Every structure is written in C-alpha cells, then in structure tokens.
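An overview of the molecular structure
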Amino acid sequence: MRRFVAFPFQSLDKAFLAGTQAPWASFAPVWRLEYRGPLTEEQLLRALGWVLARYPWCAARVAHEAWVLPEQLEPHRQLSVLDLRAGPDPSAEAALADRFLALETEPPFHLTWVRRSEDTGALVFQQHHALADGRAFLSLIWDFVRCLDATSSPLPAGIVPRRAEAEALPSRGVGAFVRGALHTLAQVLLGNLRPLTPLFSNRGTDYSGRNRTQHLFVPLSRIEGWRERRKPLGLSVNDLLAGALCAALTRWSAALGSPPGVHNLLMMLDVRPREGFESFANHLSSLQLRWRGGQARPLELARQLQQAAAPVLAARLPWKRVLFDAFLILATPLPVLRRALLVKRQLLTNYSFSNLVPLGTPGAGPDGRWRTATLQIDRLLITTPCTPPQAANTTCVRYGDEVCFNFNFKDTALKPEQVDALTREFSRALEELEQDLAR
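The sections below set out a description of the structure shown in this document. (Residues numbered from 1 in each chain as written. Predicted model: local features only at pLDDT ≥ 70, side-chain atom pairs only at ≥ 80, totals over all residues. Heavy atoms only, no water.)

With that settled, consider the overall build of the protein. Along the backbone of the protein there are 12 helices and 14 strands. Over its C-alpha trace the protein gives a radius of gyration of 21 Å, about what one expects of a compact globule, namely 22 Å for 439 residues. Considering only C-alpha atoms, the protein reaches an extent of 55 × 45 × 40 Å along its principal axes. Relative to its 439 residues, the protein shows a buried fraction of 55%. If you take every contact in the protein between residues at least 6 apart in sequence, the share linking residues at least 24 apart comes to 80%. (Helix = DSSP H or I, 4+ residues; strand = E, 2+ residues; numbered from the N terminus. Rg over C-alpha atoms; globule rule 2.2 N^0.38 Å. Buried < 20%, exposed > 50% of the residue type's maximum accessible area, 1.4 Å probe, protein only. Contact = heavy atoms within 4.5 Å.)

Have a look at this one:
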C-alpha cells in the first residue's frame, strides 16, 4: 500500500508509544458501549468509514516517530465481530482488553462488535493512547453513534484537526517555559531525595498478565448531592473523590501488610481552553500530590490534597510545564523512554486517578445517554492498562444517571479478590465522606 502523508509525533504520542512493548504491554484503553436495539454490520461499516474519514489518524501507521496516513481507508479491516448468540463466552470478551496494537504494522484504533443476541451486545472500541486523550475520544464515539442513525440530521463535514500541544496553552513564552522546567525538575528532585513508600499495588513485579477491571457504579444524584455541602469548604468534586480514594488506598494497602508512609497520587489534567478548541490529540498535563498514610478520614485528606494543589493550580504550573516536558520527551530516544517506563520502574507515582466526570457525555440526550432512532447505549465502561510499577489505576466516567469507577489492574501483579477489597474500601470511604459532609 502506497503511503503519502506523514505527521511527526507530538511529545505525548511518543510517551504513550514508549509504554508499548510486545507482546504484553499495549497502552491502549478499551471503551465498551453496552447497547440495546437492532444493529447491522452494514451500519457499523458505514459509521466506521465516516469516522475514519473524519479522524484519519485512526487509520494511520507509525514509522520513524510519525503518523503515516494510508492512501485508501479500509474500514472492514478495522472491524471484528465476536458472535456470542450461541452462548456467552466471558473469556473471549475479556480477551478484547488484551489485544496488542502493533502500531508499526496496524492502525491505532479497532472496533469489535460483540453480538449477544439479535438486539443486545457491545461495541468495544480500542484506541492506543498515543492517538488521543479521553476528551477527544468521547467526541469520536459520539460521532460514531450518530452516524449509526439513518434518520439523523446531516453529519458534519471535514477532518477534525490534530492540533499541536502548544496551541492549547495560554502562555508559550520563555518565562512560562522556565517556570514549567523548574516545576518539573523540582518534582524529580523531590522524588529522589524523599522517596515514596510503596502501596501494596506497587509491590508486584509480574506485568505479563491480563488487563482487567472491577466496575463500581455510584448514582450521579449521590455525588451531585454533595454540591451545597462542599461549597462552604471550598472543595471540588475532584478533591472529594481524590480524598476518598487516598483514604481507601491507605487502609487497603495497610490491611495487606504494606506499611503506611508518604504516597503520591497522579491526576491527569486536560489543558485545553474551555471553549472553542477542537483537536483530536493528547492535550494533557498532570498534578502530582503527596499524602501521608495513616488514620486520616476522607474529608481530611480531601482538604490536604486541595491545599497542596491550590498554589500549583493558581500559578498554572501544570500548563507551564507542558513545553519543557515536551522538549525532554522529544529529545529522549524512544528506547530510553521505554526502559524508564517498563524496565527501570522507578517509583515516582504510587497511583493514577483519571476523572472524566467533568467532561460529561457529548451529544447525550436529556437522560445523559447516547441513542439513535432504534438503538440505546445503556452503559459506558473503560479499561485502562497499567504500567509498572502501578499494578492498578482508577478511571471514572459519567454516563446516564451513574458514575462508573473503573478499577483497572494487571491480574499477575494483583489478584481479583484484592481489587475487590480495594473497591469495597473505596465504597466505605465514600460513605464516611458523606457522613462528615453532613455534620
């Protein structure tokens, strides 16, 4: 196949590619849409063809740290069918989260249609994280869903741009670069001078296993009910959820024999402007917050995390560090990045928390769900792979009248029953948080 257009990597494209190592590590989140209603392969191919034309990077290959676009789109090659109408096969469905995407030889995007009956099933989207972040991919999924509807209004034309990381930043001057560099270097220095205490989820060494997820569903009304009680405290929903998660991790880890100490929570931040910025790419930075394990209650931890984050956010340091971090990543050879992620495994972060709740559900109806004239998407689930030395991470997303907390883990580094215990501990932390907010 003749190739004709190449787009050089941005820094996060390269960073996420560095988290890929055959045959066991493909940094490719899986989005599972559970649906009801009639669906045909013809509809899927039509929608897939339109989405690939609108987001052509989904059909690209990787060569020499660049996206190389094909001359011709072939949607049928990016669609698989898992037909379970003769009976359920849990192992076959679970295996979809482990499909390895070799970006040098295949596209970074794949769709599997899981048929359970004539009117029920799942659409399983797998996207390599080098392709785009969660906000961008939510918009792609909405585009796909509305294209399934033959009665929909005219679909938007044109390619969704893939904009440079720097374009999303409010300041790109030398001053911002220097402030960002000092912030990044200070974090690296702190990580080496005051090492973190491992959580139980940092102790496993075998990452060759399967990507698995335990889902916890919480009514959206329950979280929205915190609004009036948290406002006088100056706390956001993200602060409260992070406090509950840190309390749960501390108690869970101690119960499994890991001593409490100083731990670190990595929270991903979308650095796009709030409005008027359309880009199918990764536009992310991060906030790294330390907490001390012990007997602190979730609300107390939420306050501690908020107080630590406030000056960093007020100075816009996560935004300012993007340029320096991009410089470092692009200047570092890919094998060196891969070794740092997958081999050296230095403990600079104990646990990652990605909160997609503020993004909502683009294009959803009044009930917060995607639907067409004949199809309804009942649930949206996510499996995000783990990278050493984090054998578990949490992603939460809002859909319909629920918030789903996805506790992702490597099943050779953590046992399913251990993750069940963490999920229960988090549920208890949410209850404790509500009790303290009500006082």
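Past the structure itself, the notes keep going.
Looking at the element boundaries, Ala 302 is found in helix α9 (residues 298-314). Note on Ala 302: relative accessible area 0%, which makes it buried. The spacing of Ala 302 and Leu 235 is 67 residues in sequence and 7.6 Å in space, taken between C-alpha atoms. Each residue touching Ala 302, except ones within four places of it in the same chain, is listed here: Leu 235, Asp 239, Leu 240 and Gly 243.

So, on to the nonpolar core. Membership of the largest hydrophobic core comes to 62 residues, with the highest contact counts inside it found for Leu 123, Phe 144, Phe 280 and Trp 370. A per-element tally of this core places helix α4 (residues 134-147) first, with nine residues. With 59 residues, the next largest nonpolar core counts Leu 240, Ala 248, Ala 296 and Leu 317 among its residues. (Core = buried A, V, L, I, M, F, W, Y, C linked by side-chain atoms within 4.5 Å.)

What the five strands build is an open sheet, ordered β5-β6-β7-β2-β12; its pairing is mixed. Each edge of the open sheet carries a strand with a single partner, namely β5 (79-83) and β12 (376-383). Across the sheet, the mean angle separating the axes of adjacent strands is 20° when strand polarity is ignored. Sheet topology places strand β6 (residues 109-115) next to strand β7 (residues 120-127); seven bridges connect them, and they run antiparallel. Residue Leu 111 lies in a different strand from β7, and its bridge partner there is Phe 125. (Pairing = 2+ DSSP bridges. Axes fitted to C-alpha atoms, helices over the stretch in contact; angles between N-to-C directions.)

A few words now on the pairing of strand β9 (residues 262-270). Among the nine residues of β9, seven are classified as buried, and the element is accordingly described as predominantly covered. Across nine bridges, the pairing between β9 and strand β10 (residues 284-292) is antiparallel. Among the inter-strand pairings, Met 268 is bridged to a residue of β10, identified as Ser 286. As defined by bridge partners, β9 adjoins strand β11 (residues 351-355) across three bridges and the pair is classed as parallel. Its bridge partner lying in β11, Leu 265 is registered against Tyr 351.

Moving on: the sheet that holds β11. The strand order β8-β14-β13-β11-β9-β10 describes an open sheet built from six strands, whose pairing is mixed. Looking along the sheet, the strands with just one partner apiece sit at the ends: β8 (211-219) and β10. Sheet twist, expressed as the average angle between the axes of neighbouring strands with direction ignored, equals 20°. Where strand β13 (residues 392-399) and strand β14 (residues 402-410) come together, eight bridges link them in antiparallel fashion. Paired with Thr 394 across the strands is Phe 407, a residue of β14. Contacts from α9 reach β9 and β10 within the one sheet, and its direction differs from that of β10 by about 135°. In the packing of helix α12 (residues 416-437) onto the sheet, contacts are made with β8, β11 and β14, and the angle to β8 comes to roughly 20°.

Once that is clear, we can look at the packing of helix α2 (residues 41-54) against α4. Axis separation between α2 and α4 bottoms out at 8 Å; the angle between their running directions is 140°. One way to sum up the angle between α2 and α4 is to call them oblique. In this structure, α2 meets α4 at a crossing whose hand is right-handed. Of the residues in α4, those touching α2 at Leu 44, Arg 46, Ala 47, Leu 48, Trp 50, Val 51 and Arg 54 are Leu 140, Asp 143, Phe 144 and Cys 147. When the residues that make up the contact of α2 with α4 are grouped by side-chain class, the tally is eight nonpolar, no polar and three charged. (Parallel < 35°, antiparallel > 145°, perpendicular 65-115°, else oblique. Left-handed = near helix turned anticlockwise from the far one by under 90°. Nonpolar A, V, L, I, M, F, W, Y, C, P; charged D, E, K, R; others polar.)

On their own, these measurements won't tell you what the molecule is for.
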